[in-house]
Amino acid sequence: MRWLWHGVWRRKQAGRKVVYLTFDDGPCPDTTPLLLDILERNNIKATFFCVGDNVRKFPDLFAELKRRGHHVGNHTMHHLKGFRVDYQTYIDDVAEADGYIDSTLMRPPYGRIKWSQLHTLRQKYTVVFWDVITRDYNACLTPEQVLRIVKRYTRNGSIIVFHDSKKAAKNMLAVIQPAIDFLKSEGYDFCVL
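Residues numbered from 1 in each chain as written. Predicted model: local features only at pLDDT ≥ 70, side-chain atom pairs only at ≥ 80, totals over all residues. Heavy atoms only, no water.

Glancing now at the pairing of strand E4 (residues 47-50). A regular strand places its side chains so that they alternate between the two faces of the sheet. Here E4 shows no split at all, with Thr-47 and Phe-49 on one side and Phe-48 and Cys-50 on the other all buried. Taken together, the 3 bridges between strand E3 (residues 18-24) and E4 define a ladder with parallel strand orientation. Note on E4: the bridge partner recorded for Asp-24 is Phe-49. Bridge analysis of E4 against strand E5 (residues 71-74) gives 4 bridges, and the strand direction is parallel. Its bridge partner being in E5, Phe-49 is matched across the sheet by Gly-73. (Buried < 20%, exposed > 50% of the residue type's maximum accessible area, 1.4 Å probe, protein only. Helix = DSSP H or I, 4+ residues; strand = E, 2+ residues; numbered from the N terminus. Pairing = 2+ DSSP bridges.)

Below, the discussion takes up unusual backbone geometry. The linkage connecting Gly-26 with the following residue, Pro-27, adopts the cis geometry, with an omega of 0°. Considering the arrangement of structural elements, one finds Pro-27 in the loop between E3 and helix H1 (32-41). The backbone of Tyr-110 sits at a positive phi, close to 65°, despite the residue not being glycine. Inspection of the secondary structure assignment puts Tyr-110 in the loop between strand E6 (105-106) and helix H5 (115-121).

Moving on: the layout of surface pockets. Counted as a void, the largest pocket has a volume near 260 Å³. Surrounding the largest pocket, 16 residues form its lining, His-79, Tyr-110, Ile-133, Tyr-137 and His-163 being those nearest its centre. Its residues assigned to classes, the lining of the largest pocket comprises 7 nonpolar, 4 polar and 5 charged. (1 Å grid on protein atoms, 1.4 Å probe; cavity = no way out; pocket = protein on both sides within 12 Å on 5 of 7 lines; lining within 4 Å. Points joined across faces, edges and corners; volume = space filled by probe spheres on them. Nonpolar A, V, L, I, M, F, W, Y, C, P; charged D, E, K, R; others polar.)

What follows is about the packing of helix H6 (residues 143-153) against helix H7 (residues 169-185). Relative to each other, H6 and H7 sit at 35°, their axes nearing to 9 Å. Crossing of H6 over H7 shows right-handed handedness. Facing Pro-143, Val-146, Leu-147, Val-150 and Lys-151 of H6, the residues of H7 in contact are Lys-170, Asn-171, Ala-174, Val-175, Pro-178, Ala-179, Phe-182 and Leu-183. Grouping the constituent residues of the contact of H6 with H7 by class yields 10 nonpolar, 1 polar and 2 charged. (Axes fitted to C-alpha atoms, helices over the stretch in contact; angles between N-to-C directions. Left-handed = near helix turned anticlockwise from the far one by under 90°. Contact = heavy atoms within 4.5 Å.)

Bringing the pattern of salt bridges into the picture now. Inspection of every chain in the model, using the stated rule, returns 11 salt bridges. As a salt-bridge pair, Arg-68 and Asp-37 come within 3.0 Å of each other at their nearest N and O atoms. You can see Arg-68 sitting in the loop between helix H3 (59-67) and E5 and its partner Asp-37 sitting in helix H1, a full 31 residues away along the chain. On the basis of relative accessible area, Asp-37 is assigned to the partly exposed category, the value being 33%. Ionic pairing is found between Asp-98 and Lys-124, a salt bridge with its closest N-O pair at 2.7 Å. Of this pair, Asp-98 sits in helix H4 (residues 87-101) while Lys-124 sits in the loop between H5 and strand E7 (126-127), and the two are 26 residues apart along the sequence. Within this structure, Asp-37, Glu-40, Glu-64, Arg-67 and Arg-68 form a network of salt bridges that share partners. (Salt bridge = Lys/Arg side-chain N within 4 Å of Asp/Glu carboxyl O.)

Moving on, we come to H3. Taken together, the buried positions of H3 are Leu-61, Phe-62 and Leu-65. Buried residues of H3 fall within an arc of 100° about the axis and therefore sit on the same side. Opposite the packed face of H3, turned more than 90 degrees from it, sit the exposed residues Asp-60 and Arg-67. Each element contacted by the buried residues of H3 is listed here: H1, E4, helix H2 (52-57), E5 and H4. One or two residues past the end of H3 sits Gly-69, with phi positive at roughly 90°. (Arc of directions from axis to C-beta.)

Here it is in structure tokens:
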């Protein structure tokens, strides 16, 4: 396990070539159901870092992703950047989201978190970062460019970030199957955090 600022950013397994597909910002009714079907067709489980307010708005969708065997993590209640809010506001926002999500995994939105916030959250959560961010949310990138990021930067133990949000839908939904096909062709097993 590799740690960045005392958070997980890569996780190898002895004797196996593995990757971890993770999805941030959902659940979203425009993208998450389509994504769940793609993952099911490929017999892959993933980890979804959910925004608490989206879980509050779409509880049935959140229940469905858990029912299908995917893992979930806390992505704050309101998708806050830790650098932009004071310590207590951030901690309270994570705690509010925990009331809806109930997970020991947490991912700071944007990967932005103050040391004091991280120090406190580590007492309850495994804080998960990533080593491959697909940038699927960037409207200036084409699906081909997003797929190139996956192909270029993925390595054994990579934690790969996609987004099941409306903003990322065009790229993520176009790229996820080709990315899965590529990762399978490279001999990777898919694991959950």
